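So the chains spell out like this:
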Amino acid sequence: MGLSIGIVGLPNVGKSTTFNALTKAQNAQAANYPFCTIEPNKAIVEVPDSRLETLAKIVVPKRILHSQIEFVDIAGLVRGASRGEGLGNQFLANIKEADAILHIVRCFENEDITHIENRIDPIGDIEIIELELILADIASLQKRITKLERESKAQKGINTSLSLAKELLEHLESNKPASSFTKRDTEEFFMLDRELRLLSAKEVIYGANVDEDALNGGNAFVEQVYEYGKKRGAEVVMLCAKLEEEMVGLDPEECTELLASLGCMESGLSQIIRIGFNKLGLISYFTAGVQEVRSWTIKNGTKAPQAAGVIHNDFEKGFIRAETISYEDFVKFGGEAKAKEAGAMRSEGKDYIVQDGDVLHFRFNV
């Protein structure tokens, strides 16, 4: 299971620069004019996890394979995007494919970089984008309600899906996102969201893009974004897209030293992935052998057979058991053999819920 994050924001806020930096790929144009990104750029990057390197020192495999994450750089939205302004319909459709949204917000002043609204107002920028997402959801929900009404007349009974859809429409029409809808945990909402892929229901991470001077303490713009995120129940990552891009090509030690000199503990990429995993309820388990040490991404709460199916369908179909060692025990005892001798290996069955950091060896028969 991968994680797809769509990068959105108004034109010229640093989306493509962030994309270039986060993916370490210079294939997204960064230019000082709106709509320089016309097609969504996609890139698959590795999820950094220091536990893999620790496991590799013990196992000494031929290769190390990280979990992967997909970043999608979606062209800048503008007012009226939900009505097709600025090629909006095309890009709103691209957001539907993402699991989460990274909303880049401009939190710096620079007269050399134009702003499509001719002012620096991060909350105003956020509200423009979020309103367009809500309006797009309203349009798709109205079509769904029309269909449900026809079905309800034919069935001549109470349609709970129709009732919830109308409640949600009223919620959206009050300019509130689907993510704050009180009945979003119901089965009816889940089915509706699965069909419509509601844009305003997606988890959002706000990326407050600052200059280097503000990276160690923020500024008034960043404070506004943090306060807004707190009200929305959304995480905020402060990053300097320009600096992240400059770090492309540096080795890990140089990056660490550079970040430390600026008072930063981790890069914007690490923060985004960590928060993204947490927001979407994702965890990692490991397989460790002489051929490869590998990280696999699953939903928190996944049972062993389904976790095995992430590797191959046959593993799930013919699942027998999962030989399990916690990451801590694997490291403590110096590998599988010694962990087994110490009684730290467990044999788990079909009802076992895989834990983050489990080192697993699946037994199956097809």
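Read on for a plain summary of the structure. (Residues numbered from 1 in each chain as written. Predicted model: local features only at pLDDT ≥ 70, side-chain atom pairs only at ≥ 80, totals over all residues. Heavy atoms only, no water.)

### A few points about the pairing of strand β10 (residues 319-325)
Along a regular strand, successive side chains alternate from one face of the sheet to the other.
Step number 1: Among the seven residues that make up β10, five are buried, leaving the element largely enclosed by the rest of the structure.
Step number 2: As paired strands, β10 and strand β12 (residues 359-364) are joined by six bridges and run antiparallel to one another. Following the sheet pairing, Ile325 is matched in β12 by Val359. (Buried < 20%, exposed > 50% of the residue type's maximum accessible area, 1.4 Å probe, protein only. Helix = DSSP H or I, 4+ residues; strand = E, 2+ residues; numbered from the N terminus. Pairing = 2+ DSSP bridges.)

### Some remarks on the sheet that holds strand β7 (residues 235-239)
Step number 1: Strand order in the open sheet formed by six strands is β2-β4-β1-β5-β6-β7, with mixed pairing between adjacent strands. Every interior strand has two partners, whereas the edge strands, β2 (41-46) and β7, have only one. Each neighbouring strand pair of the sheet contributes to a mean axis angle of 25 degrees, computed without reference to strand direction.
Step number 2: Here strand β6 (residues 203-209) runs beside β7; their pairing, made up of five bridges, is parallel. When the bridges of β7 are listed, Ile205 appears paired with Glu235. (Axes fitted to C-alpha atoms, helices over the stretch in contact; angles between N-to-C directions.)

### Digging into the layout of surface pockets
Step number 1: Roughly 1,200 Å³ of volume is contained in the largest pocket.
Step number 2: Lining the largest pocket are 39 residues, and of these Pro48, Asp49, Ser267, Leu269 and Ser270 sit closest to its centre.
Step number 3: Of all the elements in the fold, those that place two or more residues in the lining of the largest pocket are α1 (15-23), β2, α2 (50-59), α9 (252-261), α10 (268-279) and β8 (282-288).
Step number 4: Tallied by class, residues from the lining of the largest pocket come to 19 nonpolar, 10 polar and 10 charged. (1 Å grid on protein atoms, 1.4 Å probe; cavity = no way out; pocket = protein on both sides within 12 Å on 5 of 7 lines; lining within 4 Å. Points joined across faces, edges and corners; volume = space filled by probe spheres on them. Nonpolar A, V, L, I, M, F, W, Y, C, P; charged D, E, K, R; others polar.)

### Things to note about the nonpolar core
Step number 1: With 58 residues, the main nonpolar core has Ile5, Ile69, Phe71, Leu102, Cys107, Tyr206 and Val210 as its most contacted residues.
Step number 2: Not counting chain neighbours up to four residues away, the residues in contact with Ile5 comprise Ile69, Glu70, Phe71, Val72, Ala98, Ala100, Ile101, Leu102 and Ile272.
Step number 3: Core analysis: the next-biggest nonpolar cluster, separate from the first, contains 18 residues, Ile138, Leu141, Leu164 and Leu196 among them. (Core = buried A, V, L, I, M, F, W, Y, C linked by side-chain atoms within 4.5 Å. Contact = heavy atoms within 4.5 Å.)

### Structural notes on the environment of Glu348
Step number 1: Turning to its location among the elements, Glu348 is positioned in strand β11 (residues 346-348).
Step number 2: On the basis of relative accessibility, which here comes to 18%, the residue Glu348 falls in the buried class.
Step number 3: Between the C-alpha atoms of Glu348 and Ala322, which are 26 residues apart in sequence, the distance is 5.1 Å.
Step number 4: Looking at Glu348, its side chain comes within polar contact range of the side chain of Arg346, at 2.8 Å. (Polar contact = N/O pair within 3.5 Å; in protein donor to acceptor, adjacent residues only side chain to side chain.)

### Considerations on the packing of helix α4 (residues 122-155) against helix α5 (residues 160-173)
Step number 1: Axis separation between α4 and α5 bottoms out at 9 Å; the angle between their running directions is 155 degrees. By the angle between their axes, α4 is roughly antiparallel relative to α5. As α4 runs across α5, the sense of the crossing is left-handed. Packed against α4, whose contacting residues are Ile134, Asp137, Ile138, Leu141, Gln142, Ile145, Leu148, Glu149 and Ser152, the element α5 presents Ser161, Leu162, Ala165, Lys166, Leu168, Leu169, Leu172 and Glu173 at the interface.
Step number 2: Taken together, the residues that form the contact of α4 with α5 break down as 10 nonpolar, three polar and four charged. (Parallel < 35°, antiparallel > 145°, perpendicular 65-115°, else oblique. Left-handed = near helix turned anticlockwise from the far one by under 90°.)

### Considerations on unusual backbone geometry
Step number 1: One non-glycine residue, Asn175, lies in positive phi territory at about 65 degrees.
Step number 2: Mapped onto the fold, Asn175 is located in the loop between α5 and α6 (187-196).
Step number 3: The backbone of Arg197 shows a phi angle near 50 degrees, a positive value even though the residue is not glycine.
Step number 4: Relative to the helices and strands, Arg197 is located in the loop between α6 and β6.
Step number 5: For Arg197, a relative accessible area of 34% translates into the label partly exposed.

### A closer look at the pairing of strand β1 (residues 3-8)
Step number 1: Most of β1 sits inside the fold, with six of its six residues counted as buried.
Step number 2: The side-chain alternation of β1 yields two buried faces, one formed by Leu3, Ile5 and Ile7 and the other by Ser4, Gly6 and Val8.
Step number 3: Taken together, the four bridges between β1 and strand β5 (residues 100-106) define a ladder with parallel strand orientation. Residue pairing in the sheet places Val8 in a bridge with His103 of β5.

### Remarks on α6
Step number 1: Regarding α6, the residues found buried are Phe189, Leu192 and Leu196. For α6, the buried positions fall inside an angular range of 65 degrees around the axis, keeping them on one side. Looking at α6, the residues exposed on the side facing more than 90 degrees away from the buried face are Glu187 and Arg194.
Step number 2: Phi for Arg197, located one or two positions after α6, is positive at around 50 degrees. (Arc of directions from axis to C-beta.)

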